[in-house]
Amino acid sequence: MNVIFRVDASINIGSGHVMRCLTLAQQLQKEKNAKVYFISRELEGNLIDSIKEKGFEVKTLSKNDKVFNNLEGYQKWLTVSQQFDVEQTIQILTDLDISIDLLIIDSYAIDIEWENKIRPYVKKIMVIDDLANRKHDCDILLDQNFYLNMEERYNGLVPINCKLFLGPRYVILREEFYEVKKHLRHRNGNIKNIFVFFGGIDITNETMKTLRAIILLKQKDIVVNVVVGKNNPYKESIEKFCRKYDNINYHCQVDNMAELMNEADLAIGAGGTTTWERCFLGLPSLVIAVAENQEICSKICEINGYLKYLGIYNNVDVENIYYFLQFLLNNKNFALEMTTKMEKVFSNKFNRNMLNYLGV
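Just so it is clear, the structure is predicted and the values come from calculations on it, not from any experiment.

How each quantity is defined
- Just so you know, the residues in each chain are numbered from 1, in the order the chain's sequence is written.
- Local features in this predicted model are restricted to residues of pLDDT 70 or higher, and side-chain atom pairs are both shown and tallied only at a pLDDT of 80 or more, whereas totals for entire chains, interfaces and linings draw on every residue.
- For side-chain calculations, the full set of non-hydrogen atoms in the structure is used, while hydrogens and water are omitted.
- The rule for pairing is simple: two strands pair if DSSP sees at least two bridges between them.
- Comment: elements are numbered from the N terminus, with helices defined as DSSP H or I runs of at least four residues and strands as E runs of at least two.
- Between the N-to-C directions of two axes lies an angle of 0 to 180 degrees, each axis being a line fitted to C-alpha atoms and, for a helix, fitted only over the stretch in contact.
- Throughout, a contact is declared for two residues whenever any of their heavy atoms are within 4.5 Å.
- For salt bridges, the criterion is a side-chain nitrogen of Lys or Arg within 4 Å of an Asp or Glu carboxyl oxygen.
- Summary of the burial criterion: residues with accessible area below 20% of their type's maximum are buried, those above 50% are exposed, and those between are partly exposed, where the area comes from a 1.4 Å probe applied to protein chains only.
- Two N or O atoms count as a polar contact when they lie within 3.5 Å, although within protein this holds only if one can serve as hydrogen donor and the other as acceptor, and sequence-adjacent residues are included solely when both atoms are side-chain atoms.

*Asks:* Honestly, the sheet that holds strand β4 (residues 102–106) in this entry has me stumped. Any pointers?
*Replies:* Sheet strands pair via backbone hydrogen bonds, and the direction of the pair is either parallel or antiparallel. Read from one edge to the other, the open sheet built from seven strands follows the order β3-β2-β1-β4-β5-β6-β7, with strand pairing classed as parallel. Edge positions in the sheet fall to β3 (57–61) and β7 (163–166), since each has one partner strand and no second. Neighbour-to-neighbour, the strand axes of the sheet open up by a mean angle of 15 degrees, direction not taken into account. Here strand β1 (residues 2–7) pairs with strand β2 (residues 35–41) via five bridges, running parallel. Counterpart to V3 in the pairing with β2 is V36. Of the strands in this sheet, β1, β2 and β3 touch helix α4 (residues 82–96), which is tilted by about 140 degrees from β3.

Shown next, in the form of structure tokens:
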């Protein structure tokens, strides 16, 4: 089984798309004996080296020198037109000269225009999406987020015979989360350990904003674990800040996220895939959306009692975070109720059915 992933990371895109594709790639390799390749563009903040470090072959699309002045919205993340991008991708597939059983696309900038052109070169196309804002030519679509109209969101946007995997039950989780799930620690609502993580890049530096709010608590008995990605542009200043405080631990590009989350009583972070990692481990959270596409899902999760949503990043300041931290410290039942609600919903068999389907 030959599988190709078309996915990018950059300062603007963030690292989440590549990270979830890496997890799925490892699962396909391990459980379906798949031969996996990645196609990724050399954008500022890319994770091409990280993909290679995981043992996968990467076919790179060079950072483009040609000017595309008419790019709008998410197309700017691609940095080139879809036509230009798919032509380069087709050339790579042609050079590989192998039968492609499955092409997996994880990009908000790619739609049916790109997919129609790649169709003759692959047997099946899978799209990972959560916007439901454009048409796709795909055989499989995964949207792992939680929406009230989940079952209807893609009506008219995908072929009638497209296999849909919708909702958090199909979230892509690394194996470490399944292992930690087997020995979860008991939480009682008391906040003695805080986990801070705003994604691999955190371009708006919500990490520092959060740290300043935690310091205002003046509670040196609370342990704080701060995780940043290696492409975080503020990592040096964050590390320098953390060194000032004995109770704050700085971590960069770690492989034990699940372990750190399990130790925590509260997480403060962004929406996106990490939401489901926290929910899977029953970890109460304060969430700040760092992109518009994280807002709806975060609001719905708050309605269901899985987290406390503070708002979009530019509407949240240090004082807002401090206020809710104080509230949680004084109302331990609030955090405890979050854990109880998550434990009732999130199982430990999230995406196995999807994985089996991809292996057919």
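Following the structure, the description resumes.
*Asks:* Just to check I follow, could you spell out the sheet that holds strand β8 (residues 193–197) for this structure?
*Replies:* Spatial ordering of the open sheet is given by β10-β9-β8-β11-β12-β13, a layout of six strands whose pairing is parallel. Both edges of this open sheet fall to β10 (248–252) and β13 (308–312), since each of them pairs with a single strand only. Taken pair by pair, the neighbouring strands of this sheet meet at an average axis angle of 15 degrees, ignoring direction. Looking at chain direction, strand β11 (residues 266–269) and strand β12 (residues 285–289) are connected through three bridges and run parallel. Bridge pairing in β12 links G269 to V287. Sitting on the sheet, helix α7 (residues 206–216) touches β8, β9 (223–228), β10, β11 and β12, and the angle it makes with β9 is about 170 degrees. With respect to the sheet, helix α11 (residues 295–303) is in contact with β12 and β13, its orientation differing from that of β13 by roughly 155 degrees.

*Asks:* Any chance you could explain the pattern of salt bridges here in plain terms?
*Replies:* Oppositely charged side chains can pair when the atoms bearing their charge come close. Enumeration over the complete set of coordinates arrives at 19 salt bridges. When the shortest N-O distance is used, the salt bridge between R20 and D106 registers 2.6 Å. Linking R20 in helix α1 (residues 16–32) with D106 in strand β4, this pair joins segments that are 86 residues apart in sequence. For the residue pair R20 and D106, the accessibility class agrees, reading buried in each case.

*Asks:* In this structure, what is going on with the side chain of R134? I would like to understand it.
*Replies:* Inspection of the secondary structure assignment puts R134 in the loop between β5 (125–128) and β6 (140–143). At 3.2 Å, the side chain of R134 and the side chain of D129 are in polar contact. Only 2.9 Å separates the side chain of R134 from the side chain of N133, close enough to count as a polar contact. Discounting chain neighbours no more than four positions away, the residues touching R134 are S107, Y108, I110, D111, D129 and L157.

*Asks:* So what exactly am I meant to see when it comes to the environment of G282 here?
*Replies:* With respect to the element layout, G282 can be found in the loop between α10 (273–280) and β12. According to the relative accessible area criterion, G282 is buried, its value standing at 4%. With near-sequence residues (within four places) excluded, G282 lies in contact with R187, T339 and M342.

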